[in-house]
Number of protein chains: 2
Amino acid sequence: MSGSPRGKAPQMAIRRLSMYYRTLAALREQGVESISSEHLSALTGSTAAQVRRDLAYFGSFGRRGVGYEVHSLQTHVQKILGIGEGWPMALIGVGNLGSALLAYDGFPRQGFRIVEAFDSDPRRVGTVIRDVVVKPMDQIKETIQARHIVMALLAVPAKAAQGVTEQLVAAGVRCLLNFAPVTLKVPPHVHLASVDLSIEVEYLSYVLRESVAEGQAAEGACSDVPRALSG
Amino acid sequence: MSGSPRGKAPQMAIRRLSMYYRTLAALREQGVESISSEHLSALTGSTAAQVRRDLAYFGSFGRRGVGYEVHSLQTHVQKILGIGEGWPMALIGVGNLGSALLAYDGFPRQGFRIVEAFDSDPRRVGTVIRDVVVKPMDQIKETIQARHIVMALLAVPAKAAQGVTEQLVAAGVRCLLNFAPVTLKVPPHVHLASVDLSIEVEYLSYVLRESVAEGQAAEGACSDVPRALSG
DNA sequence: GGGAGCTTGTGATATGTTTCACGTGGCAAT
DNA sequence: ATTGCCACGTGAAACATATCACAAGCTCCC
């Protein structure tokens, strides 16, 4: 019954599943065949109960008294997350950050690939990075529709972000990962996640200031940042 | 009484304050002098009650019947977040991502500056990017201590991350923003936040899969990703 | 000065998430 | 077989966060 959620999983649970997945992959490479919720939680900075609960949202994958079989659990988590569907991705904006995203080997390793890249700068159009040819912006719609791309990475300047978003939505994109420091408006059927460096740095600035202000040593400042999946 | 929190603010509240801050800065550039919680919430993808509550954790900055004075509120939020303390930052790892971080203009704009960069690759050591000279790894400790750097951005390969982290902690760093896809272990007095691209993409993959599976049109798929500060 | 209309700040409430604690099932060894 | 131990799965409790709804306070206008 691995496909039937009992109740719906919190977003944070999904994010933790990603971490479990990565850890399981590493364990498998090391030849580890079985693991307990206790051990897995130690490796991912979670708690044993949390690991069990997170998995329980989707089914029952372990054996009482024994633990989880690494390979089987990895496969289940992979299915849950939709890794391996091999969703092709488009990248918009091939500046410093965009280039870094193209080169990021974490994506292909997890089964995601940037198959198209776009930029508005004529000097970048036509260049080839990591086997991907940079195309001009006016080819977004036809390319995305032709290749049935549903996920896009948005690495354009803040000012251009909303306009590009609308083009992408019009082209049929269903998921957006935004790197621009702006609040994007998208229709309800489009899913949006954002990586906002300023927010992360300012959050650290806040906790730093707070811990300095409150005598620092006192009340063992928690080093965990739940939302940011510390670690 | 702007400095006295009544109860402690949730992490998410802090992250939203970052968004309010950015929005207020933009409003000020546009010459807007006053704003209501209703309007501010619309601009940041929050709700009016949430805006008021988030601010109320730190004081009472508005005027009933009127709203908030943009400049004054921006100043207060800036103080709360510790922006303007001008914490100098160190960057470890000047690969694709590291270079992008050096070039990211969102940091200086918000008052954060990368003042030192390090890399283990001899070919990169000595190069200058954005006025920052790349130094070898063995100078981490002395440099960080000499310049009293408390925040570091970690853009090294996953395998090197834990080792470098320990060097940084030993050097006295208090805050780490980690970009490597690993679970870092840090002592309790060190604050840690992570940006993990695989987690973001896999989360989108999950919600996409979910929305496709559940008939997609049904029950207006929520496009908001609280943790990721959608938009 | 007084009333109308607006928006904040905040108790109370509802919702969501994590943690606890233990029943259940499974393995190993005697 | 029986005993002892282990670790999962899960209802219930505790905790955290978000939402509601309204009293308090301000401004403007008459």
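Criteria and cut-off values
- Residues numbered from 1 in each chain as written.
- Chains lettered and ligands numbered in written order.
- Predicted model: local features only at pLDDT ≥ 70, side-chain atom pairs only at ≥ 80, totals over all residues.
- Heavy atoms only, no water.
- Helix = DSSP H or I, 4+ residues; strand = E, 2+ residues; numbered from the N terminus.
- Buried < 20%, exposed > 50% of the residue type's maximum accessible area, 1.4 Å probe, protein only.
- Areas by Shrake-Rupley, 256 points an atom, 1.4 Å probe, with all protein chains shown as cover.
- Core = buried A, V, L, I, M, F, W, Y, C linked by side-chain atoms within 4.5 Å.
- Contact = heavy atoms within 4.5 Å.
- Near = heavy atom within 4 Å.
- Polar contact = N/O pair within 3.5 Å; in protein donor to acceptor, adjacent residues only side chain to side chain.
- Nonpolar A, V, L, I, M, F, W, Y, C, P; charged D, E, K, R; others polar.
- Least-squares fit on C-alpha atoms with pLDDT ≥ 70 in both.
- Pairing = 2+ DSSP bridges.
- Buried area = accessible area lost by both parts, 1.4 Å probe.
- Salt bridge = Lys/Arg side-chain N within 4 Å of Asp/Glu carboxyl O.
- pLDDT = per-residue confidence, 0-100.
- Expected span 1.5 Å × (residues − 1).
- Axes fitted to C-alpha atoms, helices over the stretch in contact; angles between N-to-C directions.

**Student:** I'm lost on the overall build of chain A in this one. Help?
**Tutor:** On a plain count of helices and strands, chain A comes out with nine helices and nine strands. Within chain A, the fraction of its 231 residues that count as buried is 53%. Carbon and sulfur atoms form 51% of the exposed surface of chain A, whose accessible area is close to 10,400 Å².

**Student:** Help me understand the nonpolar core in this model?
**Tutor:** Soluble, globular proteins show a tendency: their nonpolar side chains are buried together. Counting 102 residues, the largest nonpolar core has F107 and M151 of chain A together with F107 and M151 of chain B as its most contacted members. Ignoring sequence-local partners within four residues, the contact set of M151 of chain A consists of W87, P88, M89, A90, F112 and C175 of chain A together with V201, L204, S205 and L208 of chain B.

**Student:** Is there a simple way to think about the protein's contact with DNA strand C in this case?
**Tutor:** Taken together, 27 residues lie around DNA strand C, and R63 and R64 of chain A together with S37, R53 and Y68 of chain B are the ones closest in. Among the atoms of DNA strand C lying within 4 Å of the protein, the sugar-phosphate backbone contributes 62%. Contacts to DNA strand C include R52 of chain A, whose side-chain N or O atom sits 3.4 Å from a base nitrogen. Contributions of two or more residues to the surface near DNA strand C are made by α1 (11–29) and α3 (48–56) of chain A together with α3 (48–56) of chain B. For the surface near DNA strand C, a count of residues per class yields seven nonpolar, 10 polar and 10 charged.

**Student:** Help me understand the relation of the copies chain A and chain B in this model?
**Tutor:** Relating one copy of the chain to the other takes a rotation about an axis and a shift parallel to that axis. It takes a turn of 180° to lay chain A on chain B, together with a shift of 0.0 Å along the axis; the resulting RMSD is 0.0 Å. Interpreted geometrically, this transformation is the action of a two-fold axis. Both copies share a contact surface, since 99% of the interface residues of chain A are interface residues in chain B too.

**Student:** What should I look at first to understand the pairing of strand β3 (residues 88–92) of chain B in this one?
**Tutor:** All names here are of chain B. For β3, the buried fraction is high: four of the five residues fall into the buried class. Sheet analysis places β3 next to strand β4 (residues 113–119), joined by five bridges and oriented parallel. Paired with P88 across the bridge in β4 is R113. Relative to strand β7 (residues 151–154), β3 runs parallel, the two sharing four bridges.

**Student:** Can you help me understand the interface of chain A and chain B in this one?
**Tutor:** How big an interface is tends to be reported as the loss of accessible area on association of its parts. Taken together, the contact between chain A and chain B spans 80 residues of the former and 79 residues of the latter. Between chain A and chain B lies a buried interface of about 7,300 Å² when both sides are counted; carbon and sulfur atoms form 61% of it. Linking chain A with chain B are six salt bridges, by the criterion used here. Salt-bridge contacts for R209 of chain B lead to E85 of chain A; the nearest nitrogen and oxygen are separated by 2.5 Å. Scanning the region where chain A abuts chain B turns up 28 residue pairs in polar contact (both at pLDDT 80 or more). Looking at the side of chain A that touches chain B element by element, the count peaks at 15 residues for helix α9 (residues 197–213) of chain A.

**Student:** Sorry, what's going on with the confidence of the model for chain A here?
**Tutor:** Low-confidence regions, as indicated by low pLDDT, have predicted coordinates that should not be scrutinised in detail. Residues and elements named next belong to chain A. Across chain A, the average pLDDT comes to 91, with 90% of residues at or above 70. With pLDDT under 50 throughout, residues 1–5 is counted as low confidence; its partners more than four residues away or in other chains account for 10 contacts. Note on residues 217–224: pLDDT is under 50 here. Beyond four places in sequence and across chains, it has 13 contacts.

**Student:** Before we go on, may I ask you to explain helix α1 (residues 11–29) of chain B in this structure?
**Tutor:** Since the α-helix turns once every 3.6 residues, residues separated by three or four places project in the same direction. Look at α1 of chain B: 28 Å from first C-alpha to last across 19 residues, which is about the 27 Å you get at 1.5 Å a residue. A positive backbone phi angle near 85° is found at G31 of chain B, which sits one or two residues after α1 of chain B.

**Student:** I'm lost on the sheet that holds strand β9 (residues 191–194) of chain A in this one. Help?
**Tutor:** Strand pairing within a sheet occurs via backbone hydrogen bonds; the two strands may be parallel or antiparallel. All names here are of chain A. In spatial order, the strands read β5-β6-β4-β3-β7-β8-β9; together these seven strands make up an open sheet with mixed pairing. Lying at the two open borders of the sheet, with one neighbouring strand each, are β5 (128–129) and β9. The strands touched by helix α8 (residues 158–171) within the sheet are β3 (88–92), β7 (151–154) and β8 (175–178), with β7 carrying the most contacts at an inclination of about 170°.

**Student:** Hey, could you run me through the pattern of salt bridges in this one?
**Tutor:** Where side chains of opposite charge bring their charged atoms close, a pairing between them can arise. All names here are of chain A. According to the stated counting rule, one finds 18 salt bridges over all chains in the structure shown. Between D54 and R16 there is a salt bridge, with the nearest N and O atoms lying 2.6 Å from each other. Of this pair, D54 sits in helix α3 while R16 sits in helix α1, and the two are 38 residues apart along the sequence. We classify R16 as buried; its relative accessible area is 15%. Here D119 ties to R124 by a salt bridge, and the two come within 3.1 Å at their closest N and O atoms. With relative accessibility at 4%, the residue D119 sits in the buried group. The network of salt bridges with common partners includes E116, K135 and R147.

**Student:** What should I look at first to understand the protein's contact with DNA strand D in this one?
**Tutor:** Taken together, 25 residues sit near DNA strand D, with S37, R52, R53 and Y68 of chain A together with R63 of chain B positioned nearest. Here DNA strand D approaches the protein such that, of its atoms within 4 Å, sugar and phosphate make up 67%. Within the side chain of R64 of chain A, a nitrogen or oxygen atom sits 3.3 Å from a sugar or linking oxygen of DNA strand D. Between a base nitrogen of DNA strand D and a main-chain N or O atom of G65 of chain B, the distance comes to 3.2 Å. At the level of secondary structure, the elements contributing two or more residues to the surface near DNA strand D comprise α3 of chain A together with α1 and α3 of chain B. Counting residues per element, the surface near DNA strand D draws most heavily on α3 of chain B, at three residues. A per-class count over the surface near DNA strand D returns five nonpolar, 10 polar and 10 charged.

**Student:** How should unusual backbone geometry be read in this particular structure?
**Tutor:** Leaving glycine out, the prevailing phi sign among residues is negative, and the prevailing peptide bond configuration is trans. Residue H148 of chain A is not a glycine yet carries a positive backbone phi of 55°. By the element assignment, H148 of chain A lies in the loop between α7 (140–146) and β7. By relative accessible area, H148 of chain A is classed as exposed at 62%. Although it is not a glycine, R130 of chain B sits at a positive phi angle of roughly 50°. Mapped onto the elements, R130 of chain B comes out in the loop between β5 (128–129) and β6 (132–136). R130 of chain B gets classed as exposed once you look at its relative accessible area, which sits at 53%.

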